[in-house]
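Listed below, chain by chain, are the residues.
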2 protein chains.
Amino acid sequence: MAKYSAQHRVLIAVDCIIFGFDGAELKLLVVQRALEPQIGNWSLMGGFIEEGEDPNDAASRVLYKLTGLKDVYMEQLSVFGRPNRDPVERTISVAYSALINIKEYETQLSDAYRAEWIPLKDVPALIFDHDEMVAAAKVHLRYKAALHPVLFELLPEKFTIPQIMALYEQVYNVELDKRNFMRKLRSTGLLVKQADKDKEGSRKGAFYYKLDQETYKDKFSSFLHFIPQP
Amino acid sequence: MAKYSAQHRVLIAVDCIIFGFDGAELKLLVVQRALEPQIGNWSLMGGFIEEGEDPNDAASRVLYKLTGLKDVYMEQLSVFGRPNRDPVERTISVAYSALINIKEYETQLSDAYRAEWIPLKDVPALIFDHDEMVAAAKVHLRYKAALHPVLFELLPEKFTIPQIMALYEQVYNVELDKRNFMRKLRSTGLLVKQADKDKEGSRKGAFYYKLDQETYKDKFSSFLHFIPQP
DNA sequence: ACAAAAGTGTTGGGAATACACCCATGA
DNA sequence: TCATGGGTGTATTCCCAACACTTTTGT
């Protein structure tokens, strides 16, 4: 069949906003850009969509190339298409937000792409409109995590309650009450207490928990309310 | 500067999921496709992005062309980019969701684009992946409206409480309790009661209300909870 | 023994639900 | 006068936020 011949075509990129948590701090995975322009400057990990490739697959591919990880929690964020956002050539970018637990993933990433985990509060200025993308991803994460237990995606298989709490506190930039938070958390039925403790954070040690995968799947779409309303 | 020469370029479209409410029923605005393939079949209103055009502007342009309306509430939904979604040529589409109150907008639209308001429950099968887009838009609308008073965008300047309630009931496909709903609504401070009544729906007539624009702007981003949790 | 973080319970207030009757009007 | 939809009030439950002390253990 004939093409839509009168129309003009543009480049499509994907960019990944990759959040990570190491048990203490919320971080962002950024790379040093490998091509001109702005070679060597901090950037989100991204890439162009290939022929016949679904944008979602492109994002997975890009993430895999960087981290070696598959089946990562990833969501489409939104499209960034301001005409001159890339000075070289018109490029429309689809931003994706991914959640990774840093600890379980111990490969070397810095070598190939000069990638680095940088604490979210210390992230330097990024190229093009990547700062906007990060800002949008933060908003989205707050929005999502206020309703769905999505932050567990950032935690390793075994985690402690003080860790989750620190995570929530950093995402929302608030201080939470231990007692209320724990009660809320327990009432969800998402947690399975383990016998052993994590002794890294304190003398006493904090009990490990695992996610109850069944409950997790069931409850994922039902609305939860972790963050107090002022 | 040199182009990204090795990459391949694709068509970008926008498609608009346009919700409307006439005071009684929630509807979708669909058109009969004007080009091959599938000419004459039901479709969302869409169009290609032009050179140097921001996708958001393209969506506004498309909406304006169809309805003559500007400054309509519109949000980017997500990207649909399955490789063969358009059989003619690879086209990636950015879906937008718009909210319109049908009554205030009394132009003729059917002529130019053979457009029609169809009750949401009766919408026929649409071309390509437009059904998926509509499904995503419904989910998004529920999500959004559960937290933000966005459904007021569907109402005319003067509306009645039974109308809003009918709207919420249709969006969530539930039955609400008049008394609780009214109390909740009033407690938001969003409503300004008018002196006159709408006599169309009943003998007694229902008082008109207007939105308190100040409060609306203030409260738009704060979370509200209109829908009871079972 | 003491420092440092983990863990535990209670209580009061406010919000959400459930629920049933009167009102105004046109036909 | 009656049928129709509009509008109002209360009792109860449940959830949430506020709040302080004990436990464990390594040094």
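Described in the following lines is the structure provided in the data block. (Residues numbered from 1 in each chain as written. Chains lettered and ligands numbered in written order. Predicted model: local features only at pLDDT ≥ 70, side-chain atom pairs only at ≥ 80, totals over all residues. Heavy atoms only, no water.)

1. Description of the overall build of chain A
The helix and strand inventory of chain A stands at six helices and ten strands. Taking the principal axes of the C-alpha coordinates as reference, chain A spans close to 65 × 40 × 35 Å. Burial analysis of chain A (230 residues in total) assigns 52% to the buried set. For chain A, restricting intrachain contacts to residue pairs at least 6 apart in sequence, the fraction spanning at least 24 positions comes to 67%. Summing over all exposed atoms, chain A offers an accessible surface of approximately 11400 Å²; the carbon and sulfur share of this is 49%. Put simply, chain A has 30 plus and 32 minus side-chain charges, and the middle of one group is 7 Å from the middle of the other. (Helix = DSSP H or I, 4+ residues; strand = E, 2+ residues; numbered from the N terminus. Buried < 20%, exposed > 50% of the residue type's maximum accessible area, 1.4 Å probe, protein only. Contact = heavy atoms within 4.5 Å. Areas by Shrake-Rupley, 256 points an atom, 1.4 Å probe, with all protein chains shown as cover. Lys, Arg positive; Asp, Glu negative; His and termini not counted. Charge placed at Lys NZ, Arg CZ, Asp CG, Glu CD.)

2. A look at the packing of aromatic side chains
If you walk through the whole model with that rule in mind, you get 15 aromatic pairs over all chains. Between Phe 48 of chain A and Tyr 4 of chain B, the aromatic rings sit 5.0 Å apart at their centres with planes inclined by 55°, giving tilted as the arrangement. Taken together, the positions of Phe 48 of chain A in strand β4 (residues 45–48) and Tyr 4 of chain B in the segment before β1 (11–21) put the pair across two chains. A ring pair is formed by Tyr 73 of chain A and Phe 220 of chain A, whose centres lie 6.3 Å apart and whose planes are at 55°; its orientation type is tilted. Of this pair, Tyr 73 of chain A sits in strand β5 (residues 73–80) while Phe 220 of chain A is found in the segment after α6 (213–219), placing the two residues 147 residues apart along the sequence. Taken as a pair, Tyr 73 of chain A and Phe 220 of chain A share a single burial class, namely buried. Positioned above the aromatic ring of Tyr 64 of chain A is the side chain of Lys 70 of chain A, whose terminal nitrogen or guanidinium carbon lies 4.7 Å from the ring centre. Geometry around Tyr 208 of chain B places Lys 158 of chain B over its ring, the cationic atom sitting 4.6 Å from the centre. (Phe/Tyr/Trp six-rings, centres within 6.5 Å; stacked < 30°, edge-to-face > 60°. Lys NZ or Arg CZ within 6 Å of the ring centre and 35° of its normal.)

3. Details of the packing of helix α4 (residues 161–172) of chain A against helix α5 (residues 178–187) of chain A
Residues and elements named next belong to chain A. Interaxial distance between α4 and α5 falls to 11 Å at its minimum, and their mutual angle equals 105°. Classified by the angle their axes make, α4 and α5 are roughly perpendicular. Where α4 approaches α5, its residues Ile 161, Ile 164, Met 165 and Tyr 168 are matched on the opposing element by Lys 178, Phe 181, Met 182 and Leu 185. Taken together, the residues that form the contact of α4 with α5 break down as seven nonpolar, no polar and one charged. (Axes fitted to C-alpha atoms, helices over the stretch in contact; angles between N-to-C directions. Parallel < 35°, antiparallel > 145°, perpendicular 65-115°, else oblique. Nonpolar A, V, L, I, M, F, W, Y, C, P; charged D, E, K, R; others polar.)

4. A few points about the sheet that holds strand β8 (residues 159–160) of chain B
Residue and element names in this part refer to chain B. In spatial order, the strands read β8-β10-β9; together these three strands make up an open sheet with antiparallel pairing. Pairing within the sheet leaves two strands with one partner each, and these edge strands are β8 and β9 (191–198). In the sheet, β8 pairs with strand β10 (residues 206–211) via two bridges, with the strands oriented antiparallel. Note on β10: the bridge partner recorded for Thr 160 is Tyr 208. (Pairing = 2+ DSSP bridges.)

5. Re helix α5 (residues 178–187) of chain B
Its side-chain oxygen 2.9 Å from the backbone nitrogen of Arg 179 of chain B, Asp 177 of chain B forms the N-cap of α5 of chain B. One or two positions beyond α5 of chain B, positive phi appears at Gly 189 of chain B, with a value near 75°. (Polar contact = N/O pair within 3.5 Å; in protein donor to acceptor, adjacent residues only side chain to side chain.)

6. Structural notes on the relation of the copies chain B and chain A
Structural alignment of chain B on chain A gives an RMSD of 0.0 Å, achieved by rotating through 180° and translating 0.0 Å along the axis. Put plainly, the chains are arranged around a two-fold axis. (Least-squares fit on C-alpha atoms with pLDDT ≥ 70 in both.)

7. Things to note about the side chain of Gln 163 of chain A
Residues and elements named next belong to chain A. With respect to the helices and strands, the residue Gln 163 is situated in helix α4. For Gln 163, a relative accessible area of 14% corresponds to the buried category. With residues up to four places along the chain from it excluded, the contact list for Gln 163 reads Phe 21, Gly 23, Leu 155 and Asp 198.

8. Considering the interface of chain B and chain A
Chain B puts 44 residues into the contact, and the matching count from chain A is 44 residues. Regarding the contact of chain B and chain A, the summed buried area is about 3800 Å², with carbon and sulfur atoms giving 62% of it. Ionic pairing is found between Glu 89 of chain A and Arg 9 of chain B, a salt bridge with its closest N-O pair at 2.5 Å. The tally of links between chain B and chain A comes to 16 residue pairs in polar contact (both at pLDDT 80 or more). Contributing elements (two or more residues each) for the side of chain B that touches chain A: β1, β5 (73–80), β6 (91–101) and α3 (130–147) of chain B. Ranked by residues supplied to the side of chain B that touches chain A, first place goes to α3 of chain B with four residues. Looking at the side of chain B that touches chain A, its residues break down into 21 nonpolar, ten polar and 13 charged. (Buried area = accessible area lost by both parts, 1.4 Å probe. Salt bridge = Lys/Arg side-chain N within 4 Å of Asp/Glu carboxyl O.)

9. Some details on the nonpolar core
Counting residues in each nonpolar core, the largest one holds 92 residues, and the members touching the most others are Phe 152 of chain A together with Phe 152 of chain B. Excluding residues within four positions of it along the chain, Phe 152 of chain A makes contact with Phe 159, Ile 164, Leu 185, Leu 190, Leu 191, Leu 211 and Tyr 216 of chain A. Core analysis: the second largest hydrophobic core is formed by 49 residues, Val 31 and Trp 117 of chain A together with Ile 92 and Ala 115 of chain B among them. (Core = buried A, V, L, I, M, F, W, Y, C linked by side-chain atoms within 4.5 Å.)

10. Focus: the sheet that holds strand β8 (residues 159–160) of chain A
Residue and element names in this part refer to chain A. Taken in spatial order, the three strands of this open sheet run β8-β10-β9, and their pairing is antiparallel. Looking at strand neighbours, the two that pair on one side only are β8 and β9 (191–198), the edges of this open sheet. Bridge count for β9 against strand β10 (residues 206–211) is five bridges, and the pairing is antiparallel. When the sheet's bridge partners are listed, Asp 198 is paired in β10 with Ala 206.

Interpretation in functional terms is not warranted from these geometric data alone.
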